[in-house]
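Listed here are the chains, written in short residue letters.
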Amino acid sequence: MPDSRSTAFARLRHLADRPGGRAITPLFAADPGRAARYTAALDDLTLDFSKTAIDAPALDALFALAEAANLEDFRRRLFAGAMVNPTEHRAAMHMALRAPADAGLHAELAGVVEDASAQAAAERHRMRDFVAAVHAGTKTGATGARFTHVLTIGIGGSDLGPLVATEALTLGRTDNPMEARFLSNIDGHAFIHATKGLDPARTLVLIASKTFTTLETMSNAQAARGWIAGALGEAAVPRHFAALSTNLPAVGQFGVVPEHTFGFRDWVGGRYSLWSPVGLSIALAAGWDRFQAMLDGAWSMDQHFRDAPLRQNLPVLLALVGIWHTNAMGCATHCVLAYDERLRRLPAHLQQVEMESNGKHVTLAGTQTEWDTCPVLFGEPGTNAQHSFIQLVHQGTRIVPVDFILAANPDHNRPEAHRALAANAFAQAEALMVGKSEAAIRAEMAAKNIPPADIDAIAPHRVATGERPSNTILFDRLDAFSLGRLIALYEHKVAVQGCLWGIDSFDQWGVELGKVLANGILPELTPGAETGKHDSSTASLIARFRALRGET
Ligand code: F6P
């Protein structure tokens, strides 16, 4: 007998398979109030999901799934610091990083329950003092020169969140206290690029690594250490390095002094760590006030997610729309188009947040899921995407749901440029939904006196089927507060989806095997080394690589 969750997924598929069950435009024709009915808001932030095929029965079925998955209980357990990440025996309490000190959020770690919001606030105060000293020039490099640049070394969650937030809060501004660079890839070219033109005497290096064992980060940290020591002497190292980690002994062994070491707890997942000391680069580059405002924005979304009824809850609704597209419509991809240059790397961060969290096929019970989980997420800034892959979104054989993200007010003084940007966002969403019929195209071509034979040949290629879904996320202005709110919206969306899919959204075991194998192959790439046991493709690639390097 199928359980209630399987029944709920089956009902969703049934609804999408009804005749016309995937069509959007008839829903608008039938309901003049549809846009308002399928738009939810938190202050100035609105989520319009009316341009989807979700109707009242579909929405009811989605909430039935939420009930079958005990979503409300999951939400309560998440905020209570329960072990929602059972495969790593951890809570997921990143909300404590942005909550006020007295929020009373608790989390258990190694059998001890701690006041997570108080612990996070204490470390945040240390960070604030550090940032103030760097900006004031009372904390300087070894030569006494003020720090003008911050180079952050980290990868994955220790890179993408801080990178995206720093870009969003500094791009195009002239009042940034410091300039930020980010170094993630172990590729030596990345190191050259990241340090190009930097003055070691004026550069503060942050090593961001939750575990402080990640190969890429440790390799780059050693290279940076050599770069600083080579220019300023070994004694300069303690003044030029800070570390952001849960692994304080390893930080000490590297040579980072305790005053420059900022810790966090294992209840912070890597991809949720930009709010922790890992976000120090954001505060250094954009200023403390902006960092704090970003935390405040995220906390406002936390409270909304925690307290709002499910039917008015933005993360819940965003998650359910995604479930509809993945599990009812069978969509395998999801496109995020932020019409804001400052959010140009947002899709990269969301890729990790969504795909590392929910790219799983085993349920919490240890069984294979009977349903699909996370779609492949991709994106580019609008309008650039319109001149590259959007063709497929309009006319490809597969349906690609889109999130359009837009602020109503820019921070530049060219209102006409922003209107043009917005017009493009709205037009893309409208075009995806309404499309253009062959009859309309033929009439248009005939009116231009195009010969009938040419019309016959070309018109089918110009047809846009329409009925292609999108969400539009619109808010007043992209500032630190709204940025925090936006990222937290997606974080909680992911948690909700993980709950509905019945998986552990907070582990990432799939990334481990490749790391282990890389460690095994590394010694085999040194001249004269024996090649280990591999499949014939891997073995011959290793041999060819060595031959091309003249290192057989
Ligand atoms: O390889 C994936 C990963 O484990 C991510 O989950 C994490 O964000 C990243 O590596 C970096 O890990 P760390 O912060 O421990 O260096």
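The structure we're discussing is the one just above.
Okay, so let's go over this structure. (Residues numbered from 1 in each chain as written. Predicted model: local features only at pLDDT ≥ 70, side-chain atom pairs only at ≥ 80, totals over all residues. Heavy atoms only, no water.)

### Overview of the packing of aromatic side chains
Describing an aromatic ring pair means giving the distance of the ring centres and the angle of the ring planes.
Stage number 1. Enumeration according to the criterion identifies ten aromatic pairs in this entry.
Stage number 2. Note on Tyr 339 and Phe 404: the rings are 6.0 Å apart at their centroids and 40° apart in plane angle, and the pair reads as tilted. Here the residue Tyr 339 occupies a position in the loop between strand 10 (333-338) and helix 15 (346-358), and Phe 404 occupies one in strand 12 (residues 402-409), the gap between them amounting to 65 residues. The exposure classification of Tyr 339 matches that of Phe 404, with both residues buried.
Stage number 3. Three or more aromatic residues joined by ring pairs form one cluster here, namely Phe 212, Phe 241 and Phe 254.
Stage number 4. Of note, Arg 34 hangs over the ring of Phe 28, and the distance from its end group to the ring centre comes to 5.4 Å.
Stage number 5. The residue whose ring lies beneath Arg 225 is Phe 254, and the NZ or CZ to ring-centre distance is 5.3 Å. (Phe/Tyr/Trp six-rings, centres within 6.5 Å; stacked < 30°, edge-to-face > 60°. Helix = DSSP H or I, 4+ residues; strand = E, 2+ residues; numbered from the N terminus. Buried < 20%, exposed > 50% of the residue type's maximum accessible area, 1.4 Å probe, protein only. Lys NZ or Arg CZ within 6 Å of the ring centre and 35° of its normal.)

### Regarding the site of the ligand
Stage number 1. As a matter of local geometry, the ligand sits amid 14 residues, with Ser 158, Ser 209, Lys 210, Thr 211 and Thr 214 nearest to it.
Stage number 2. In this structure, an oxygen atom belonging to the ligand sits 2.6 Å away from a side-chain N or O atom of Ser 209.
Stage number 3. The separation between an oxygen atom of the ligand and a polar side-chain atom of Glu 356 is 2.9 Å.
Stage number 4. With the chains in place, 87% of the 390 Å² that the ligand exposes on its own is no longer accessible. (Near = heavy atom within 4 Å. Polar contact = N/O pair within 3.5 Å; in protein donor to acceptor, adjacent residues only side chain to side chain. Areas by Shrake-Rupley, 256 points an atom, 1.4 Å probe, with all protein chains shown as cover.)

### Looking at the pairing of strand 2 (residues 45-48)
Stage number 1. Side-chain alternation along strand 2 places Leu 45 and Leu 47 on a buried face and Thr 46 and Asp 48 on a face that remains uncovered.
Stage number 2. With four bridges joining them, strand 1 (residues 39-42) and strand 2 adopt antiparallel strand pairing. Bridge pairing in strand 2 links Ala 40 to Leu 47.
Stage number 3. Between the antiparallel neighbours strand 1 and strand 2 lie two residues, among them Asp 43 with a positive phi of about 50°.
Stage number 4. Pairing geometry for strand 2 and strand 13 (residues 470-477), over three bridges, is antiparallel. Bridge pairing links Leu 47 to Ile 473 in strand 13. (Pairing = 2+ DSSP bridges.)

### Some words on the sheet that holds strand 7 (residues 203-208)
Stage number 1. Spatial strand order, 6-5-7-8-9: five strands in an open sheet with parallel pairing. Strands with a single pairing partner mark the edges of an open sheet, and in this sheet they are strand 6 (179-183) and strand 9 (261-263). Across this sheet, the average inter-strand angle for adjacent strands is 20°, counted without regard to direction.
Stage number 2. As defined by bridge partners, strand 5 (residues 149-153) adjoins strand 7 across five bridges and the pair is classed as parallel. By the bridge assignment for strand 7, Val 150 is matched with Leu 204.
Stage number 3. Across the face of the sheet, helix 6 (residues 116-136) comes into contact with strand 7, strand 8 (241-245) and strand 9 while running at roughly 150° to strand 9.
Stage number 4. Running over the sheet, helix 8 (residues 188-195) touches strand 5 and strand 6 and is turned about 175° from strand 6. (Axes fitted to C-alpha atoms, helices over the stretch in contact; angles between N-to-C directions. Contact = heavy atoms within 4.5 Å.)

### Considerations on the environment of Ala 116
Stage number 1. Assignment of secondary structure puts Ala 116 in helix 6.
Stage number 2. Judged by its relative accessible area of 0%, Ala 116 falls in the buried class.
Stage number 3. For the pair Ala 116 and Ala 96, spaced 20 residues apart in sequence, the C-alpha to C-alpha distance is 5.7 Å.

### Quick look at the nonpolar core
Stage number 1. Among the nonpolar cores identified, the biggest contains 118 residues, and Met 294, Trp 324, Ile 405, Ile 473 and Leu 500 are the most heavily contacted of them.
Stage number 2. With 13 residues, the top contributor of residues to this core is helix 20 (residues 480-501).
Stage number 3. Here this core spans two domains, and each of domain 1 (3-68 + 308-434 + 468-507) and domain 2 (121-288) adds at least three residues to it.
Stage number 4. Residues Phe 191, Ile 228, Ala 243 and Val 256 belong to the second largest nonpolar core, which totals 23 residues. (Core = buried A, V, L, I, M, F, W, Y, C linked by side-chain atoms within 4.5 Å. Domains from an automatic or database assignment.)

### With respect to the packing of helix 7 (residues 160-170) against helix 15
A pair of packed helices is captured by two measures, namely the crossing angle of their axes and the spacing between those axes.
Stage number 1. Orientation of helix 7 relative to helix 15, taken along the N-to-C sense of each, is 150°, at an axis distance of 9 Å. The angle between helix 7 and helix 15 places the two elements in the roughly antiparallel class. The handedness of the crossing between helix 7 and helix 15 comes out as left-handed. Side by side, helix 7 and helix 15 meet where Leu 160, Gly 161 and Val 164 of the first sit next to Leu 346, Ala 348, His 349 and Gln 352 of the second.
Stage number 2. The class makeup of the residues in the contact of helix 7 with helix 15 is four nonpolar, three polar and no charged. (Parallel < 35°, antiparallel > 145°, perpendicular 65-115°, else oblique. Left-handed = near helix turned anticlockwise from the far one by under 90°. Nonpolar A, V, L, I, M, F, W, Y, C, P; charged D, E, K, R; others polar.)

### Here we look at the sheet that holds strand 12
Stage number 1. Spatially, 1-2-13-12-10-11 is the arrangement adopted by the six strands of the open sheet, whose pairing is mixed. Both outer strands of the open sheet, strand 1 and strand 11 (376-381), are each paired with one neighbouring strand and no more. Sheet twist, expressed as the mean angle between neighbouring strand axes with direction ignored, is 15°.
Stage number 2. Where strand 12 lies against strand 13, seven bridges are found, and the strand directions are parallel. By the bridge assignment for strand 13, Asn 409 is matched with Arg 477.

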